[in-house]
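Residues per chain, in single letters:
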Amino acid sequence: MKKNSRLSPETIAAQAAGQIDEKTGSVIPPIQMATTYARDENYERREDLIYARYGTPTCGQAENVLAKLEEAEDALFFNSGLSAAAAVLESLPAGAHIVVPENMYFGVLVWMQRQADKGYLSLDTYVPADLDSLESAMRDDTALIWVETPTNPTWAVTDIAAVSKIAKAKGALVLVDSTTAPPCTTKPLNLGADYAFHSATKYLNGHSDVLAGALSTNLIDDRWEDIGVVRKLQGTALPGFEAWLVMRGMRTLYVRWNKACENAIKIAKHFNDHPLVERVQYPGLPNDPGHAIAQKQMTGGFGGMMSILVKGSEQAARNVARNTELFLPATSLGGVESLIEHRFTIEGPDYGVAENLLRLSVGIEDADDLIADLEQAITRACG
Ligand SMILES: *Cc1c(COP(=O)(O)O)cnc(C)c1O
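Thresholds applied
- Residues numbered from 1 in each chain as written.
- Predicted model: local features only at pLDDT ≥ 70, side-chain atom pairs only at ≥ 80, totals over all residues.
- Heavy atoms only, no water.
- Helix = DSSP H or I, 4+ residues; strand = E, 2+ residues; numbered from the N terminus.
- Rg over C-alpha atoms; globule rule 2.2 N^0.38 Å.
- Contact = heavy atoms within 4.5 Å.
- Areas by Shrake-Rupley, 256 points an atom, 1.4 Å probe, with all protein chains shown as cover.
- Lys, Arg positive; Asp, Glu negative; His and termini not counted.
- Charge placed at Lys NZ, Arg CZ, Asp CG, Glu CD.
- Pairing = 2+ DSSP bridges.
- Axes fitted to C-alpha atoms, helices over the stretch in contact; angles between N-to-C directions.
- Buried < 20%, exposed > 50% of the residue type's maximum accessible area, 1.4 Å probe, protein only.
- Arc of directions from axis to C-beta.
- Patch = residues over 30% accessible without salt bridge, like charges linked within 9 Å, V, L, I, M, F, W, Y side chains within 5 Å.
- Salt bridge = Lys/Arg side-chain N within 4 Å of Asp/Glu carboxyl O.
- Near = heavy atom within 4 Å.
- Polar contact = N/O pair within 3.5 Å; in protein donor to acceptor, adjacent residues only side chain to side chain.
- Nonpolar A, V, L, I, M, F, W, Y, C, P; charged D, E, K, R; others polar.
- Domains from an automatic or database assignment.
- Buried area = accessible area lost by both parts, 1.4 Å probe.

A. Broad picture of the overall build of the chain. Helices and strands together make up the secondary structure of the chain, namely 13 helices and 12 strands. The globule rule puts the C-alpha radius of gyration for 383 residues at 21 Å, and the 21 Å found for the chain is close to it. Expressed along its principal axes, the backbone C-alpha trace of the chain runs to roughly 75 × 50 × 35 Å. At a minimum sequence separation of 6, the contacts of the chain that also span at least 24 residues come to 71%. For the chain, the computed accessible surface area is about 16600 Å², with 50% contributed by carbon and sulfur atoms. One finds the centroid of the 34 positive side-chain charges in the chain at a distance of 3 Å from the centroid of its 49 negative side-chain charges.

Below, the structure written as structure tokens:
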């Protein structure tokens, strides 16, 4: 792969940015499992390698691919999404003020609240997608705006370019959790964000078999260096085998994504006017409140994540998730297999999730099979 050619991201992904094993010609780079690296004859480090907690060559190769897909100067892979989030927040001054969506990925929010309870952070929330609410949550000393778009589990779409403008005017940083809108459809840095964040456990890897997190940026400064230092000191770099699997996963990112988008829009349209369904939340539907911004910002499709609010009780909704045969009743998202989850069972009443909401992660199976499965499950539980 020639260095300076302007290749499309599909090509870069499929060929893992042209990284092969130079020594053997192996078209798949080998996994480097070593934890330590011998110095050369001058007692110098080779390629800056020293110890696996500081990162490994395989992790670096995965980072090369992601940086190219995000059109970023640099990227870092972590051993989970949560540890990537933790590294960013640890790089802020003690007690820094951050504003976060009131609905967002549950685990990250719970972790932030713990930090705030101990006084390490000061936290205010805004209504996702609502810029007035965001502005009123901000203070003069706000250090960071956390955006998650589309927002889990309602799939509200926040205008990244507009948030970035507000942030610039007030000197705050913007981080976009783009887990459910991978670079196939949204490149947050090109829209003005400072950091793009992913739980690479989800679409980037895509096979529900690796826990990983990623950050990318064009802001190469002391803070970015510090985020790397936190990763070293906490031992949260992505290990070799996992990095190798993520790199393999990213090779098929675009085809997986396109198929999931194609399936999801069919499912969303089918259940949008369904007698046993109150509402479908999916930014790809023209009647969805986030559709106009999604059209502008999700240029490569609306993804595989949606929620179906059924006509029925909490128990009826839970029964839908018990009745499906293809949609596996499991948490997580972004894999090739379709998943269904009754979020209220997980989050309880404190986080505003509707009792009748079922979150779907639509995979790459046949769309008609998936629709038939949901039909029978909803009819049995709510009919
Ligand atoms: C899964 C997820 C996370 C957390 O990532 P882990 O890899 O589970 O640590 C953060 N944000 C979103 C949107 C997620 O889906």
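Moving on from the model shown.
B. Looking closely at the sheet that holds strand 1 (residues 74-78). Here we have seven strands laid out as an open sheet, ordered 1-7-6-5-4-2-3, and mixed in their pairing. Here the strands that pair on one side only, and so sit at the sheet edges, are strand 1 and strand 3 (121-126). On average, each strand axis in the sheet is tilted by 20° relative to the strand beside it, whichever way the strands run. Bridge count for strand 1 against strand 7 (residues 213-217) is five bridges, and the pairing is antiparallel.

C. Structural detail: helix 11 (residues 314-323). Taken as a whole, helix 11 has its buried residues at A316, A317, V320, A321 and N323. Looking straight down helix 11, one finds that the buried residues subtend no more than 165° of arc, so they occupy a single side. In this fold, the buried residues of helix 11 make contact with strand 9 (305-310), strand 10 (328-329), strand 11 (339-342), strand 12 (357-361) and helix 13 (367-382).

D. Region of the structure containing a negative patch on the surface. On the surface, E90, D221, D222, E225 and D226 cluster together into a patch of negative charge. Top element by residues in the negative patch is helix 7 (residues 222-234). It accounts for three residues. For E90, the position within the fold is in helix 3 (residues 81-90). For E90, a relative accessible area of 46% translates into the label partly exposed.

E. Focus on the site of the ligand. Around the ligand lies a shell of 14 residues, among which L82, D177, S199, T201 and K202 are the nearest. In the model, an oxygen atom of the ligand is placed 2.7 Å from a nitrogen or oxygen of the T201 side chain. Within the complex, 94% of the 380 Å² of free accessible area of the ligand lies under protein. Going through the elements one at a time, helix 3 and strand 6 (195-199) are the ones with two or more residues in the shell around the ligand. Split into classes, the residues belonging to the shell around the ligand amount to six nonpolar, five polar and three charged.

F. Up close: the environment of H207. Of note, H207 is situated in the loop between strand 6 and strand 7. Distance from H207 to L333, taken between C-alpha atoms, is 9.5 Å for residues 126 residues apart in sequence. If near-sequence neighbours (up to four positions away) are discounted, H207 is found in contact with G249, T252, R256, G335 and V336. Engagement of the side chain of H207 in a polar contact is seen with the backbone oxygen of N205, the distance being 2.9 Å.

G. Structural context of the side chain of N323. Mapped onto the elements, N323 comes out in helix 11. Ignoring any residue separated from it by four or fewer positions in sequence, one finds N323 in contact with Q376, A377, R380 and A381.

H. Representation of the domain arrangement of the chain in the model. Here the chain is partitioned into domain 1 (9-251) and domain 2 (254-382). For domain 1 and domain 2, the distance between their C-alpha centres works out to 26 Å. The partner domain 2 presents 32 residues to the 39 residues of domain 1 that form the contact. Carbon and sulfur atoms supply 59% of the area that domain 1 and domain 2 bury against each other, a total of about 2900 Å² over both sides.

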